[in-house]
Amino acid sequence: MKLSNLPKDIEEEILSRVPIKSLRLLRSAGKLWYHHPLFKDPRFIRRHSNRAPPRKYHEAIVLHDFRVQTMNSYVDRQNPVSELSLIDPVTNRKVEIAHAFHCDGLLLCTATKDERFVAWDPFSGKTRWIQPPNHRSWLRWIMPSTRSCKIYALGYDNKELCHSYKILRVMEDQTMEIYEFKSDSWRKLDGVSPCGSFDSLGVSLKGNAYWISRRGGGGAEEYSLLEFDFSTERFQNLYLPFHEAECLGPYVLEEGLNNLALSVVGEDRLCLFYESAEKSKTEIWMSTEIGEIGEIGETASSVSWSKYLTVSATPFFTRHASFFVDDEMKLATCFYNHERHRQCLSKVRVFGDVAAKKQFLMEDGTKYFGWRPPTACGPIVFGYLPCLD
């Protein structure tokens, strides 16, 4: 008897036990399987996801000085450095990585000397190179143009069981563009706006992209969690567990900086980091739930938070903060890159049981890497999850 001739409940039970890699192969076998209704059924997707074994982090990785390496190698300065090399298939040379965005075990990278994007699995070495739609419109930090790229993110349609990856590209003139892996094509995204700034590095969770966003002006700024849903291709603003006055000090306001950062723990939680100049403290919050609430004619998201860690610490204000939480060890490692006078000072600070687990650090949990000429990247840490097989 063919699988398609089985009763629906038996067919669903069988398919819910099939690994995702095999389902992807099955889906490519023909139109009947490609358009199978179960692969877009929210109830079946949840059932299959609940049965899948949880993924464990590979060792956290750091992007710094145009290369990717393991976090321990970067912090400990081990020699030789444990480096993960991205190789250009045309020149067969190592690629200098300017920026990266992590999603589902893939790093969406841009190079210092190339306008292409590349989706890269750093542990398997698999790559997909992508040409932007407008030649010579790539990000230019030194002399930006009105059409330069400001923000990009990698995500997927989480309403489908087999991930359909997409790239969001936001230009300086607020033009939005989407690249779809399955069609290998770019298209303009009309009528969509974030209605605020991108005030942190972006992260990905369950296929959606998140940033900390700021709206308003004239002393009435309001912070929120900005979400881009790759299924609906729309932005929305979600709740943050503090008021901006609690985390912004005079230096921050004067320089237009803030110490706010996002990270991801496991496959279902966002983590929020902020430092308060006024109160000389650092707090880390963890989302306890990110769910969907039905509204008339549409579905919206909601988020709730719980405090994970609070410590007294003098802020080290930076334009680029990123952090990684080891939930088993109860440690949070934050990476800073402070720019001043055409130089940058990189620093790592560990929060938690520092003395027992990180002896190489100073008593206050910090380690400095010295002043040097500023670079276009890092240090940026990613809590790396392996790709779904």
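Residues numbered from 1 in each chain as written. Predicted model: local features only at pLDDT ≥ 70, side-chain atom pairs only at ≥ 80, totals over all residues. Heavy atoms only, no water.

Participant: Help me out: how do you make sense of the sheet that holds strand S21 (residues 331–340) in this one?
Facilitator: With respect to topology, 4 strands assemble into an open sheet ordered S20-S21-S22-S23, the strand pairing being antiparallel. The open sheet has two edge strands, strand S20 (320–326) and strand S23 (366–372), and neither has a second partner. Adjacent strand axes in the sheet meet at a mean angle of 10 degrees when their direction is disregarded. Of the strand pairs in this sheet, S20 and S21 are connected by 7 bridges, and their pairing is antiparallel. When the sheet's bridge partners are listed, Phe324 is paired in S21 with Thr333. (Pairing = 2+ DSSP bridges. Helix = DSSP H or I, 4+ residues; strand = E, 2+ residues; numbered from the N terminus. Axes fitted to C-alpha atoms, helices over the stretch in contact; angles between N-to-C directions.)

Participant: Would you take a moment to explain the side chain of Glu180 for this structure?
Facilitator: Inspection of the secondary structure assignment puts Glu180 in strand S10 (residues 176–180). Aside from chain neighbours lying at most four places away, what touches Glu180 is Tyr165, Lys166, Ser185 and Arg187. (Contact = heavy atoms within 4.5 Å.)

Participant: What am I meant to see in the pattern of salt bridges here?
Facilitator: Two side chains of opposite charge can pair, provided their charged atoms sit close to one another. Evaluation of the coordinates by the stated rule reveals 13 salt bridges. Across the salt bridge formed by Arg116 and Asp88, the nearest N and O atoms sit 3.0 Å from each other. Residue Arg116 is located in the loop between strand S5 (106–111) and strand S6 (117–120), and its partner Asp88 is located in the loop between strand S3 (83–84) and strand S4 (97–103); the two are separated by 28 residues in the primary sequence. Just as Arg116 is buried, Asp88 falls in that class too. Across the pair Arg169 and Glu177 runs a salt bridge, and its minimum N-O distance is 2.6 Å. Pair check on accessibility: Arg169 and Glu177 agree, each one buried. Linked through salt bridges whose partners overlap, the residues forming this network are Lys166, Glu180, Arg187 and Glu233. (Salt bridge = Lys/Arg side-chain N within 4 Å of Asp/Glu carboxyl O. Buried < 20%, exposed > 50% of the residue type's maximum accessible area, 1.4 Å probe, protein only.)

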